[in-house]
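A structural walkthrough
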Amino acid sequence: MDSILPHRSRDAVHPVARYGTAVLTVVAAGLIHLLLWPFLQGFSPFLLFHLAVLLSAVRGGIGPGILATLLSAVFVELILLSPRGLIALTPLSHLFGLLLFCAVGFSITWLAHRLRAAERRSARSEAEARTESGRITLIADSLPVAIAYIDPAQRLTFCNQAGRDFFKLDGSEVLGRRLPDLLDPEVYPRLEPHLRRAMGGDRVTFDFALPDPDSAPAEIRGTLIPDCRQRAVCGAVILFEDITESKRVERSLQFAYNRLREANQELESFAYSVTHDLRAPLRTMEGFSQALLEDYGAQLDETGRDYATRIIAAAKRLDMLIRDLLFYSRLGRTEVESQKVPLAEVVDEVRRLYKDSIQERQAQVRVRRPLPTVYAHSGMLVQALGNLLSNAIKFVPQGIRPEVEIWAERRDDFVKIWVRDNGIGIDPAYHAEIFEPFRRIHGSAYPGTGIGLAIVRKSAVRMGGSSGILSEPGKGSSFWIELPGGEQP
Ligand code: ADP
């Protein structure tokens, strides 16, 4: 409904215009009264001035309304009532009439003001609603998903831009149309059961193919959300999303995953054959060389025995290499299921496993207790810490008693496990590369395969942690493994 009041904001009109209008309106009322005087005999002299006050208040607000009331009172008193030209407040009925007019004038002004304020409020909330709905339409139109709303008769009452594209119709055509008329006759029957479920109050998600005469059918994911109000379904929101591309990516990912699984299985069986088929002849070589030394050692000269001994050493080394390499390659493929592991138990197990080397070198292994709990794979951690302990004993020059210290420190959610030795130390230039497979920086002076630290690093990473070193030549080395603390979920 259109307002009876002017739409332009009163505050935007200049005060001179508002008050001037009030004065002119009163003067006009006075002139009309004078002109119509013969016909207005018997009517109240204030009759037309009520109208002037009303117009002034409506157009100008409270101030002009009051001004019009007072001016009208003065005009009537001076010009219309006798004695003319004088403000006479007697008799009492005269004064009473003036006061009554002023009271009515002020009331009219006040009511007009309230009416005006209510009109403004409703105009403002209407404008806000229009802005809000415009904003929602803009958001809906910028989404790549087709969004529509249907009533229980499956008539569209809302549709965003992607929806209009989906139904291949423009704005005016699409609203009010029924879904069966909008969808392909082959497609609608496939949607119909889902629509029925949604109108029964269920949220439904389903996929279907949308035929396209120009290319392959598009794959669409439909979602129907019932609009339930007061226990009744009064419509449903429809979402249609084109998932052709994501399905294609999903399929190629699945394909790649299957290829990877196959390759992994091949690698697994290759590793199996390496373990059994390669190591078996090695053991034969080693065994027969040993037999040669034991059974025919007396018939061989010094050089012959030396050759046989070298064959045994080489076979052993190759066997170790194959074993370490297999372990390293399996590390990257096996599932790691970490759990809470008391570090004290791991360290005790490592010391038990390396008892012989510790005794052989008369090494002193000191453990700073108590040790915390870590979140790790126990077997992997035993192997990694074992490698660090064995290196800590190994890389100490002969004649010096190895001294190893093991401790742990908590830092936020992580635990850092340290293994420090009094060995030969490592130049910082090599700190990064010693963690790579086969990097041995002290040559053949110390036995080994060059895989130990690579296993340490990979194990730490697989368990969600990291590893590193602090060392200088001649000043010993401190290796560390950092793992999530045992309080982790
Ligand atoms: P390996 O011990 O079989 O040689 P690792 O991978 O365990 O192989 O170590 C790689 C290299 O890092 C070693 O050859 C050695 O040069 C150096 N290294 C490892 N641990 C120590 C250590 N505690 N002190 C000095 N050097 C070390």
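Summarised in this report is the structure supplied together with it. Just so it is clear, the structure is predicted and the values come from calculations on it, not from any experiment.

**Examining the pairing of strand 10 (residues 414-420)**
Strand residues, when the strand is regular, have side chains that alternate between the two faces of the sheet. Of all 7 residues in strand 10, 5 are buried, a share of seventy percent or more. Here strand 9 (residues 403-411) runs beside strand 10; their pairing, made up of 7 bridges, is antiparallel. Pairing of W407 across the sheet is with W418, part of strand 10. Where strand 9 folds back onto strand 10 in an antiparallel hairpin, the turn is made up of 2 residues, including D412, whose phi is positive at roughly 50°. Note that strand 10 and strand 12 (residues 477-484) share 7 bridges and pair antiparallel. Bridge pairing links V415 to L483 in strand 12.

**Here's the deal with the site of the ligand**
Neighbouring the ligand are 20 residues; N391, R440, H442, G450 and L453 lie closest to it. Contact between the ligand and R440: an oxygen atom at 2.7 Å from a side-chain N or O atom of the residue. Backbone polar atom of L453 to an oxygen atom of the ligand: 2.8 Å apart, as the coordinates give it. Protein contacts shield 98% of the accessible area of the ligand, which totals 520 Å² for the unbound molecule. Comparing atom positions with the cavity grids shows the ligand to sit within the largest pocket. When residues of the shell around the ligand are traced back to their parent elements, those giving at least two are helix 13 (378-394), helix 14 (452-462) and strand 12. Here the residues of the shell around the ligand sort into 8 nonpolar, 8 polar and 4 charged.

**Focus: the side chain of D151**
Mapping D151 onto the fold places it in the loop between strand 1 (146-150) and strand 2 (156-159). D151 gets classed as buried once you look at its relative accessible area, which sits at 13%. Within the local environment of D151, its side chain forms a polar contact with the backbone nitrogen of R155, the two atoms lying 2.9 Å apart. Excluding anything up to four places from it in sequence, D151 contacts T157, M199, C234 and G235.

**Thoughts on the sheet that holds strand 3 (residues 204-210)**
The strand order across the open sheet formed by 5 strands is 2-1-5-4-3, and the pairing between neighbours is antiparallel. Only two strands of the sheet have a single neighbouring strand rather than two, namely strand 2 and strand 3. On average, each strand axis in the sheet is tilted by 25° relative to the strand beside it, whichever way the strands run. Here 7 bridges tie strand 3 to strand 4 (residues 218-229), and the two strands are oriented antiparallel to one another.

**As for the packing of helix 10 (residues 302-331) against helix 14**
Contact geometry of helix 10 with helix 14 gives a least axis separation of 10 Å together with a crossing angle of 20°. What the angle tells us is that helix 10 and helix 14 run roughly parallel. Of the two elements, helix 10 crosses helix 14, and the hand of that crossing is left-handed. Residues D324, F327, Y328 and L331 of helix 10 form the contact with helix 14, whose participating residues are A454, I455, K458, S459 and R462. Residues belonging to the contact of helix 10 with helix 14 are distributed by class as follows: 5 nonpolar, 1 polar and 3 charged.

The rules behind each value
- Residues numbered from 1 in each chain as written.
- Predicted model: local features only at pLDDT ≥ 70, side-chain atom pairs only at ≥ 80, totals over all residues.
- Heavy atoms only, no water.
- Buried < 20%, exposed > 50% of the residue type's maximum accessible area, 1.4 Å probe, protein only.
- Helix = DSSP H or I, 4+ residues; strand = E, 2+ residues; numbered from the N terminus.
- Pairing = 2+ DSSP bridges.
- Near = heavy atom within 4 Å.
- Polar contact = N/O pair within 3.5 Å; in protein donor to acceptor, adjacent residues only side chain to side chain.
- Areas by Shrake-Rupley, 256 points an atom, 1.4 Å probe, with all protein chains shown as cover.
- 1 Å grid on protein atoms, 1.4 Å probe; cavity = no way out; pocket = protein on both sides within 12 Å on 5 of 7 lines; lining within 4 Å.
- Sits in = over half its atoms within 2 Å of the grid points.
- Nonpolar A, V, L, I, M, F, W, Y, C, P; charged D, E, K, R; others polar.
- Contact = heavy atoms within 4.5 Å.
- Axes fitted to C-alpha atoms, helices over the stretch in contact; angles between N-to-C directions.
- Parallel < 35°, antiparallel > 145°, perpendicular 65-115°, else oblique.
- Left-handed = near helix turned anticlockwise from the far one by under 90°.

By themselves, these are just geometric observations and shouldn't be taken as functional.
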